[in-house]
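Chains, contacts and geometry: an overview
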Amino acid sequence: MTGFVNMAFGLKLRKVPKETIKRKVEEAARILDISHLLDRFPKALSGGQKQRVALGRAIVRDPQVFLLDEPLSNLDAKLRASMRTEITKLHHKLGATFIYVTHDQVEAMTMATRIVVMKDGIIQQVDSPQNLYDYPVNKFVAGFIGTPQMNFIDCTLEKKDGGAYLTFGDISIKLPEGKANAPELKDYFGKQVIAGVRPECIHDTPAQVEANKEASFEAYVDVTELMGAEIYLYLIANRVVVDEELASKKNMVIDKSVEQKLIARVSPRSTARTGDTIRIAIDTERVHLFDKETEKCIIH
């Protein structure tokens, strides 16, 4: 069917007058900027154009709610980005409710006014995109929202020298006073907790390291990825250095469980290179702590 016939199909089945059908289809085509495609057959349309025709078929019915189930999943990356923008603009124009199902958190974060995060069919959190990012209720939500995903560190919460510290391996970082004195933490001292650190909260510049001196430590740069406007550093803290050849000859068992892998998102001007050992610091004001057993957030 041509674009016009495709968009008119639902109305035709409802026996809507032809003049009304023509008016509604042309109006929807104008909104979607596909008026020039109404005479084309599917083989003459790109993936994005087909998606617009499908949206037009829904629009002509004046629904109060649109249900979109992964509508962009079969498009290439460039087309997905442009269609995200088109659907967002359409949402504002129509003023209707869009219920949009996606596994792509970028789509959810950029398009939604409210997000429902589900796991195994159970709702984990319902909130605005920014609140989901800043105040996740549990480890699953924290790890699901954000690219690269949040770093999780198994550590022990300790009280010493008049402050609160997170200890993992040979590394100990001090929590800021506001977090250390939070009543939510009083039952967790001496226990294992999970610290959640966003990649952008790990810094490598001398000034930032100095400013967060009590939360700084050395890490080995395993891999670097230049993303253009930023660099991803794949780091190993508490790195175990052994002679692999010697260990193999002596049948030695090497325990690398103490190693902590981290991803940092840093400035493209960073001088860190693969194979370097650098000093990094964590912005502890933005550390999230999760219960080891329940994985629920204790404090943001």
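To be clear, the structure that these remarks concern was listed above.
Residues numbered from 1 in each chain as written. Predicted model: local features only at pLDDT ≥ 70, side-chain atom pairs only at ≥ 80, totals over all residues. Heavy atoms only, no water.

**Things to note about the overall build of the chain**
Applicable threshold: Helix and strand assignments follow DSSP, with helices taken as H or I runs no shorter than four residues and strands as E runs no shorter than two, numbered in order from the N terminus. Here the globule rule reads 2.2 Å times residues to the power 0.38, and the radius of gyration is calculated from C-alpha atoms. Each residue gets one of three labels from its accessible area relative to the maximum for its type: buried under 20%, exposed over 50%, partly exposed in between, using a 1.4 Å probe on protein chains only. When checking whether two residues touch, look at their non-hydrogen atoms; a contact exists if any pair is within 4.5 Å. Accessible surface is estimated by sampling points in the Shrake-Rupley manner with a 1.4 Å probe; for residues, cover comes only from the protein chains shown. Under the convention used here, Asp and Glu are negative, Lys and Arg are positive, and both His and the chain ends fall outside the count. We put the charge of a Lys on NZ, of an Arg on CZ, of an Asp on CG and of a Glu on CD.
For the chain, the count of helices and strands is 10 helices and 15 strands. Against the compact-globule benchmark of 19 Å for 300 residues, the chain has a radius of gyration of 26 Å, which places it well outside the compact range. Split into buried and exposed, the 300 residues of the chain put 42% on the buried side. Within the chain, contacts between residues separated by at least 24 positions form 64% of all contacts whose residues are at least 6 apart in sequence. Element-wise, carbon and sulfur atoms account for 51% of the exposed surface of the chain, whose accessible area totals about 17300 Å². Of the charged side chains in the chain, 42 are positive and 41 negative, and the gap between their average positions amounts to 10 Å.

**Considering the pattern of salt bridges**
Oppositely charged side chains can pair when the atoms bearing their charge come close. Selection criterion: By convention in these notes, a salt bridge is any Lys or Arg side-chain nitrogen within 4 Å of a carboxyl oxygen on Asp or Glu.
The full count for this structure, using the stated rule, is 11 salt bridges. The salt bridge partner of Glu 158 is Lys 160, with a shortest N-O separation of 3.7 Å. Of the residues examined, Lys 160 reaches a relative accessible area of 32% and is grouped as partly exposed. A salt bridge links Arg 265 to Glu 200; the nearest nitrogen and oxygen atoms lie 3.9 Å apart. With Arg 265 in strand β12 (residues 260-266) and Glu 200 in the loop between β8 (192-197) and β9 (202-203), this residue pair connects regions lying 65 residues apart in the sequence.

**Comments concerning the layout of surface pockets**
Defined as follows: Here a cavity denotes a set of grid points, spaced 1 Å apart and computed over the protein atoms alone, in which a 1.4 Å probe fits but from which it cannot get out, and a pocket denotes an open set meeting protein on both sides within 12 Å along at least five of seven lines; residues with an atom within 4 Å of a point are reported as lining. Grid points are joined across faces, edges and corners, and a volume is the space filled by probe spheres set on the points. When residue character is reported, Ala, Val, Leu, Ile, Met, Phe, Trp, Tyr, Cys and Pro are called nonpolar, Asp, Glu, Lys and Arg charged, and the others, Gly included, polar.
One number sums up the size of the largest pocket: a volume of about 750 Å³. Secondary-structure elements contributing two or more residues to the lining of the largest pocket are α4 (77-94), β2 (97-101), α5 (105-111), β3 (115-119) and α7 (139-144). The element that contributes the greatest number of residues to the lining of the largest pocket is β2, accounting for five residues. Grouping the constituent residues of the lining of the largest pocket by class yields 16 nonpolar, seven polar and three charged. What lines the second largest pocket is a set of 17 residues, among which Ala 54, Leu 55, Arg 57, Ala 58 and Leu 67 lie closest to the centre. Of all the secondary-structure elements, those providing two or more residues to the lining of the second largest pocket are α3 (47-59), β1 (65-69) and α4. Its residues placed into classes, the lining of the second largest pocket shows 12 nonpolar, two polar and three charged.

**Quick look at the sheet that holds strand β7 (residues 171-174)**
Test applied: Pairing between strands requires that DSSP locate at least two bridges from one strand to the other. To get an axis, fit a line to the C-alpha atoms, keeping to the stretch in contact for a helix; angles then go from 0 to 180 degrees between the N-to-C directions.
If you walk across this open sheet you meet the six strands as β7-β6-β5-β8-β14-β15, and the pairing is antiparallel. The open sheet has two edge strands, β7 and β15 (297-299), and neither has a second partner. Across this sheet, the average inter-strand angle for adjacent strands is 40°, counted without regard to direction. Two elements, strand β14 (residues 288-291) and β15, share two bridges in a ladder whose sense is antiparallel. When the sheet's bridge partners are listed, Leu 289 is paired in β15 with Ile 299.

**A short note on the environment of Thr 167**
Rule in force here: Two N or O atoms count as a polar contact when they lie within 3.5 Å, although within protein this holds only if one can serve as hydrogen donor and the other as acceptor, and sequence-adjacent residues are included solely when both atoms are side-chain atoms.
Counting through the fold element by element, Thr 167 comes out in strand β6 (residues 163-168). Given the relative accessible area of 16%, Thr 167 is considered buried. Once residues lying within four places of it in the same chain are set aside, the contact partners of Thr 167 are Cys 155, Thr 156, Glu 158, Lys 160 and Ser 172. A polar contact of 3.1 Å, which involves the side chain of Thr 167, links it to the side chain of Glu 158. Of note is the side chain of Thr 167, whose polar atom sits 3.2 Å from the side chain of Ser 172.

**Regarding the side chain of His 203**
Topologically, His 203 is positioned in strand β9. Given a relative accessible area of 14%, His 203 falls into the buried group. When residues no more than four places from it in sequence are discounted, the contact partners of His 203 are Gln 208, Val 209, Asn 212, Arg 279, Ile 280, Ala 281 and Asp 283.

**Details of helix α2 (residues 18-32)**
Short version of the rule: Multiplying 1.5 Å by the helix residue count minus one yields the expected span of that helix.
Between its terminal C-alpha atoms α2 stretches 21 Å, which fits the 21 Å expected from 15 residues at 1.5 Å a residue. For α2, the secondary structure elements touched by its buried residues are α1 (3-13), α3 and α4. Asp 33, located one to two residues past α2, shows a positive phi value of around 60°.

**Considerations on the nonpolar core**
The criterion, for reference: Side-chain atoms within 4.5 Å link the members of a nonpolar core, which is a set of buried Ala, Val, Leu, Ile, Met, Phe, Trp, Tyr and Cys residues.
Residues Leu 166, Phe 217, Leu 235 and Leu 289 are the most contacted members of the largest nonpolar core, which totals 37 residues. At four residues, the largest contribution of residues to this core is made by strand β11 (residues 231-237). Setting aside residues no more than four positions away along its own chain, Leu 235 makes contact with Ile 202, Ala 219, Tyr 220, Val 221, Gln 260, Lys 261, Leu 262, Ala 264, Ile 278 and Ile 280. Core analysis: the next-biggest nonpolar cluster, separate from the first, contains 27 residues, Met 7, Ala 29, Leu 45 and Met 111 among them.

**Regarding the packing of aromatic side chains**
Put simply, the test is: Here a Phe, Tyr or Trp ring, Trp counted by its six-membered ring, pairs with any other such ring whose centre lies within 6.5 Å, and the pair is stacked when the planes are under 30 degrees apart, edge-to-face when over 60, and tilted otherwise.
Evaluation of the coordinates by the stated rule reveals four aromatic pairs. Look at Phe 152 and Phe 290: their rings are 6.0 Å apart centre to centre, the planes differ by 70°, and that puts the pair in the edge-to-face class. Of this pair, Phe 152 sits in strand β5 (residues 151-160) while Phe 290 sits in strand β14; the two residues are 138 residues apart in sequence, bridging distant segments of the chain. Summarising the aromatic geometry, the rings of Phe 168 and Phe 217 are spaced 5.9 Å apart at their centres and angled 90° between planes, so their arrangement reads as edge-to-face. On the criterion of sequence distance, the pair formed by Phe 168 in strand β6 and Phe 217 in strand β10 (residues 216-226) is long-range, its members being 49 residues apart. No difference in accessibility class separates Phe 168 from Phe 217, as the two residues are buried.

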